[in-house]
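Now for the letters of each chain:
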Amino acid sequence: MSLFEQQSNEFRSRHIGPREGDSRAMLRAIGSASLDELIDQTVPAAIRMQSPLDIPPTLSEHEYLRHIKEVSLKNKLFTNYIGQGYYDTITPSVILRNIFENPGWYTQYTPYQAEISQGRLESLLNFQTMVSDLTGLPISNASLLDEATAAAEAMSMFFHTLNKQEKPERPRFFIDKEIFAQTKDVIRTRALPLGIELTEGDYKTFTPDASFFGAIVQYPNDKGAVEDYRAFTEAVHATGAYVVMATDLLALTLLTPPGELGADVAVGSAQRFGVPLGYGGPHAAFFATKDDFKRSIPGRLIGVSVDAQGNRALRMALQTREQHIKREKATSNICTAQALLANMAAMYAVYHGPDGLRNIARRVALLAQTVGEAIAERGFELVSNTFFDTIVVRVKDVNIIREKADRQQINLRYIDHQHIGISLDETTLPEDLYDLINCFENDTDPVTFDIAQDAELVHLPASLQRSSDFLTHPVFNSHHSESQMMRYIKSLENKDLSLNTSMISLGSCTMKLNAATEMMPLSWSHWARMHPFAPLDQAGGYQYIVDELSRYLCNITAFDACSLQPNSGAQGEYAGLLTIKAYHEANGDHHRNVMLIPISAHGTNPASAVMCGMKVVVVKALENGYIDIEDLKAKAAQYSNQLSGIMITYPSTYGVYEETVKEITDVIHQHGGQVYMDGANMNAQVGLTAPGLIGADVCHLNLHKTFAIPHGGGGPGMGPICVKSHLAPHLPGHVSLAGEKGVVSMSEGRGAVSAAPYGSASILLISYGYIRMLGAQGLTDATRYAILNANYMRARLASKYDILYTNHQGQCAHEFIVDLRPFKKTAEVEAEDVAKRLMDYGFHAPTMSFPVPGTIMIEPTESEDKAELDRFCNALLSIREEIEAIEEGKADKKDNPLKNAPHTQAVICSSNWEHVYSREQAAFPLHYVSENKFWPSVARVNNTVGDRNLICTCEPVESYMETEA
């Protein structure tokens, strides 16, 4: 390899951890002569890929950054006044640099281990408080995927609340005609499989009755009008139904909140609170509701509890894992939040405070008022005389206006041939109004206008102007200088363990390197400031990424078509199953509604199937974790005429390549079903095998796992689906792309599953960069080394722990399960004790009690080097010695380092130490820990107290004082 070829291939050695000498030592420990031999012992020959991936030549990091800059310039940055729930915004530099661009925030895992997640949990509690205050509703979750899916979640929650029987007694839902088009699109998609009947109309003339379970309105609405919904909500409530109000957080700083107007749920997007447009995402949606729905609210809810020392501690509340607990009885499959973006939005509110937010809102409203009145003075009619930031102008011919706007590089919203929408935002400056108003000028007279800074906002109805306070908690009134803000962000970051601290070996979740070069372009303006509904001829860069990434993913999966729209793994499941459902229905097989799901499946699998209107039939597993083929054959035959398909994960959820997988797919196809493959474990397939080779028909890909998008403390995620050609006509559509590139909208049979046509489009750049810099061989090697790392750790731990579910040659795939159940009998030690004790060693626990209760599932990924793998193994082996000490009676069963873990700095430094073991054993059990100690900020959190006393907003400041006392 020449010097220049070496440069182009440099990223492979940056991404993959083990060096050549380390690999040889690891193979000796495993007992394999070579990496090739290990792969042959692990991956069944019958499913192996016979030709290399068709991926362009590799690029060095320098070459890639130059390439992606050139691609970005294919995007034309016009000034956007399109609106529709997406607005340009100013991300404060202190937030951009210290959160958005900071691996201490974007490489954290979901805060299931609360003791090492207190920083982002506090930030997410701030987010919930911000949303609750602004919406006037007491309960808020820690974000959903986007505004449209949040609205659909509200509809589903209302539906299941009032319809407990199999045949719905109240099947109807009202949609006001003036909600955003993309929200209607997603609601229609969600309603159809559940048998929900939608009625669209004007809320002013709508008469609810007992057949309706709910209704949705927009505030301000799609045309910008600010409507008073008090009488409407009273009328809906009089029938026993509920109201969801889609709304805008910035507007709510000036307008009466939905809770005071009678809404049962408020939803919307927090995007305009400092989160870049990014061609549609990722953005944090919000969902606030009345206390009545606190046990039904979808998604994650951050709550307040106490730790083992009686100190205040935050954690995720029980219902955040609803789909895992209830499985096919779940009413939502929400698994991913948008935590990173919710943290940015929360920090935006912390930084600006209530007065700062009001000032931003007043500036926007004042500019909108100035534009509206200037255009009206020029003889144009405004559709509504009430508005906050959006006006709609009636014109004779939009083409005349559009020609002037295009000439000035301005994007307006062209609603139809006679109506134009204009939405202003915080980036709009007074001087921008000259060009904007000029679009409606006669090209002869100069543009003039007056802005009176203290002018009354006459277009906000007096009866709807906000009188209630918001963001009164000290956190929103204390950090308004950059120094204060920087230190507050850093103080929270220091409480959280992330990938810049140590490896996070979560099975199924693939916490691999999120390379800085992959991340950098996301901040560039030509990617960050693109509106998702901008004309396609202005989005050449994004279209290039969409087309190229789709092609690469199809090649990697051996499929024929791809949809990048689903913006989470669970959304990908849902979209994939909808595609299967649509295929059967197109063939006249409306009765095919049975989905077979192995008992070991991820909890979102059965939840997604139920959301698609399918009946779940569970398939048994054998003792070795394999799918029970005989049970599968029996159930496929039993439901042959009704069989829609099967959902499988490969390698299996137990971390093994099942040799019988092709037999499984053949059985399903013989009975007319389709095979859906969950892509959670694609990191063990890329370059070695592929879903299409195995016999799958559709597969979703977790880009936040296999393809290096960071987890962001619990989101964003992306879950594109790839399909065989026969399913391609049934992939999701989107109303904004109707007529474009052969895409149709829901009205023609293919509905949207996300608010934006390409989901969270900006983070597709990360996966694109990952693929381009690794290339075909690098992608294959990533899989090979993931298998090497897992088997090395398995081999090291096997002498002291029982390893479950290896293949016939004793090998695992890219992850493996350690059985901790025996220690409950021998030492009264639970899996949770081991998980908490690992924190004292500076590590995040592996996946706990999934798929087998009382176990941990370890996935090291390819990114970790041998030294880090050894540190983790040494920690677990040291913990095993601590368990042996209990088993042998050398340590107390109640008072030992495992039962009291984790040990905080305050506990270790306290003058009061009453344990029978030493402080040194508690805090510095191995030498490496003393060299770089990560301190959990709270002791073990009491989940029971938090569930019994659900508090999900910032408590009054007095409560902190009481805790400290």
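Residues numbered from 1 in each chain as written. Predicted model: local features only at pLDDT ≥ 70, side-chain atom pairs only at ≥ 80, totals over all residues. Heavy atoms only, no water.

**Quick word on the packing of aromatic side chains**
According to the stated counting rule, one finds 31 aromatic pairs in the structure shown. Relative to Phe533, the ring of Tyr86 has its centre 5.5 Å away and its plane inclined at 85 degrees; by these criteria the two rings are edge-to-face. Residue Tyr86 is located in the loop between strand 1 (79-80) and helix 6 (93-100), and its partner Phe533 is located in the loop between helix 19 (525-528) and helix 20 (540-557); the two are separated by 447 residues in the primary sequence. Note on Tyr86: relative accessible area 6%, which makes it buried. Seen from their ring centres, Phe174 and Phe232 are 6.0 Å apart, and the 50 degrees between their planes marks the pair as tilted. (Phe/Tyr/Trp six-rings, centres within 6.5 Å; stacked < 30°, edge-to-face > 60°. Helix = DSSP H or I, 4+ residues; strand = E, 2+ residues; numbered from the N terminus. Buried < 20%, exposed > 50% of the residue type's maximum accessible area, 1.4 Å probe, protein only.)

**Focus on the sheet that holds strand 7 (residues 265-269)**
Two modes of strand pairing occur in sheets, parallel and antiparallel, and in both the strands are linked by backbone hydrogen bonds. Across the sheet, seven strands lie side by side as 2-8-7-6-5-3-4; this open sheet has mixed pairing. Among the strands making up the open sheet, the edge pair consists of strand 2 (139-140) and strand 4 (197-201). Of the strand pairs in this sheet, strand 3 (residues 172-176) and strand 5 (residues 212-219) are connected by four bridges, and their pairing is parallel. Counted as the bridge partner of Arg172 is Phe212 from strand 5. Strand contacts of helix 11 (residues 230-238): strand 3, strand 5 and strand 6 (242-248), with the helix running at about 150 degrees to strand 6, the strand carrying the most contacts. (Pairing = 2+ DSSP bridges. Contact = heavy atoms within 4.5 Å. Axes fitted to C-alpha atoms, helices over the stretch in contact; angles between N-to-C directions.)

**Let's talk about helix 23 (residues 629-638)**
Every buried residue of helix 23 is accounted for by Ile629, Asp631, Leu632, Lys635 and Ala636. Angularly, the buried residues of helix 23 cover 160 degrees about the axis, an arc narrow enough to put them on a single face. Projecting away from the buried face of helix 23 at angles above 90 degrees are the exposed residues Glu630 and Gln638. Of the surrounding secondary structure, the elements contacted by the buried residues of helix 23 are strand 17 (594-598), strand 18 (615-619), strand 19 (643-649) and helix 24 (661-670). Taking the backbone nitrogen of Glu630 as reference, a side-chain oxygen 3.1 Å away marks Asp628 as the first, capping residue of helix 23. (Arc of directions from axis to C-beta. Polar contact = N/O pair within 3.5 Å; in protein donor to acceptor, adjacent residues only side chain to side chain.)

**Some thoughts on the pairing of strand 19**
Working note: regular strand, side chains alternate between the two faces of the sheet. The buried count for strand 19 comes to seven of seven residues, which makes it a mostly enclosed element. Sheet analysis places strand 17 next to strand 19, joined by three bridges and oriented parallel. The residue bridging Val594 from the neighbouring strand is Leu643, located in strand 19. Here strand 19 runs beside strand 20 (residues 674-678); their pairing, made up of five bridges, is parallel. Opposite Thr649, over in strand 20, you have Asp678 as the bridge partner. Taken together, strand 19, helix 24 and strand 20 form a β-α-β motif whose crossover is right-handed. (Right-handed = clockwise from strand over helix to strand, strands pointing away.)

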